[in-house]
Amino acid sequence: MSLTELSSPTLARSRKTGAFASYTQVRVSDAAEFWHRYADAFMRRDFERWGELWAEDGRYVVAFPIPGTPSALEGRETIVSVMQGMTDRVGAMRMADPVVHETREPGVFFVEYRIEVDVPGGETYRNACCARVTVHEGEVTEVLEYYDPGAYSRFVRSLNLA
């Protein structure tokens, strides 16, 4: 499957209204639908909608932080501000092949995906990612993201962020 922007109406369309019914009832279909809404808002750079999916005290954590960058972002406002600031510096963003895996832990799922981002100077950042996503009452309380730190380091340097 080739990389395509996660903006297809079929991916963005919700099969249900609202978010998870409760913290203890997260099924793969719910998790996949939630992930598609989350990723679609991010890829469209709709940070108002993306931010609404985060808990006020949410945490975004990277498993392998690189020197000069934080290992965690704390709070909805900070997470949205940092991510919006980073995406303002890049061109097109594409995500492909998301695969959602349920866990036995209520409100927790894993997602694997590939990403491509056009960066200044004509380069393209590519990475394979995996994230553990924790959702409580329809809001993200934590994302723990894993990716190739070498590729991410080159990406951050290309944007003069570290």
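Residues numbered from 1 in each chain as written. Predicted model: local features only at pLDDT ≥ 70, side-chain atom pairs only at ≥ 80, totals over all residues. Heavy atoms only, no water.

Bringing helix 5 (residues 149-158) into the picture now. It helps to recall that an α-helix has 3.6 residues per turn; residues three or four apart then point in one direction. Listed as buried for helix 5 are Ala151, Tyr152, Ser153, Phe155 and Val156. Where the residues of helix 5 are buried, they touch helix 4 (76-87), strand 4 (108-118), strand 5 (124-136) and strand 6 (139-147). If you check the start of helix 5, you find a side-chain oxygen 2.9 Å away from the backbone N of Gly150, and it comes from Asp148. A positive phi of about 55 degrees marks Asn160, the residue just after helix 5. (Buried < 20%, exposed > 50% of the residue type's maximum accessible area, 1.4 Å probe, protein only. Helix = DSSP H or I, 4+ residues; strand = E, 2+ residues; numbered from the N terminus. Contact = heavy atoms within 4.5 Å. Polar contact = N/O pair within 3.5 Å; in protein donor to acceptor, adjacent residues only side chain to side chain.)

Of the volumes computed, that of the largest pocket is approximately 670 Å³. Forming the walls of the largest pocket are 40 residues, and the residues nearest its centre are Tyr60, Met83, Met86, Glu145 and Tyr152. The greatest single-element share of the lining of the largest pocket, amounting to six residues, is contributed by helix 4. Its residues assigned to classes, the lining of the largest pocket shows 32 nonpolar, six polar and two charged. (1 Å grid on protein atoms, 1.4 Å probe; cavity = no way out; pocket = protein on both sides within 12 Å on 5 of 7 lines; lining within 4 Å. Points joined across faces, edges and corners; volume = space filled by probe spheres on them. Nonpolar A, V, L, I, M, F, W, Y, C, P; charged D, E, K, R; others polar.)

The next point concerns the confidence of the model for the chain. Of the residues in the chain, 82% have a pLDDT of 70 or more, and the chain-wide mean is 83. Ranking the elements of the chain by mean pLDDT puts helix 1 (residues 9-12) last with 28 and strand 1 (residues 54-62) first with 98. Within the model, pLDDT remains below 50 along residues 1-28, and this stretch shows 49 contacts once partners closer than five positions in the same chain are excluded. (pLDDT = per-residue confidence, 0-100.)

So, on to the sheet that holds strand 2 (residues 72-74). Two strands in a sheet stick together by hydrogen bonds in their backbones, pointing the same way (parallel) or opposite ways (antiparallel). With respect to topology, six strands assemble into an open sheet ordered 2-1-6-5-4-3, the strand pairing being mixed. In this open sheet, the two edge strands, each paired with only one partner strand, are strand 2 and strand 3 (93-102). Adjacent strand axes in the sheet meet at a mean angle of 20 degrees, parallel and antiparallel pairs treated alike. Judged from the eight bridges that link them, strand 3 and strand 4 form a sheet pairing that is antiparallel. Bridge pairing links Ala96 to Arg114 in strand 4. Lying over the sheet, helix 4 contacts strand 1, strand 2, strand 3 and strand 6, oriented at roughly 55 degrees with respect to strand 1. Strands in contact with helix 5 are strand 4, strand 5 and strand 6; relative to strand 5, the strand with the most contacts, it is inclined by about 110 degrees. (Pairing = 2+ DSSP bridges. Axes fitted to C-alpha atoms, helices over the stretch in contact; angles between N-to-C directions.)

In terms of nonpolar packing, the biggest core is built from 44 residues, with Trp35, Trp50, Tyr60, Met83, Phe109, Val133 and Phe155 touching the most fellow members. The dominant element in this core, judged by the number of residues it contributes, is helix 2 (residues 28-43), at nine residues. When sequence neighbours within four positions are dropped, the list of residues in contact with Trp35 reads Met95, Pro98, Val100, Phe109, Val111, Tyr113 and Val133. (Core = buried A, V, L, I, M, F, W, Y, C linked by side-chain atoms within 4.5 Å.)

With that settled, the discussion passes to the pairing of strand 1. Bridge count between strand 1 and strand 6: five bridges; the pairing is parallel. The residue bridging Trp54 from the neighbouring strand is Val140, located in strand 6. Relative to strand 2, strand 1 is paired through three bridges, and the arrangement is antiparallel. Looking across to strand 2, one finds that Val61 is bridged to Ala72.

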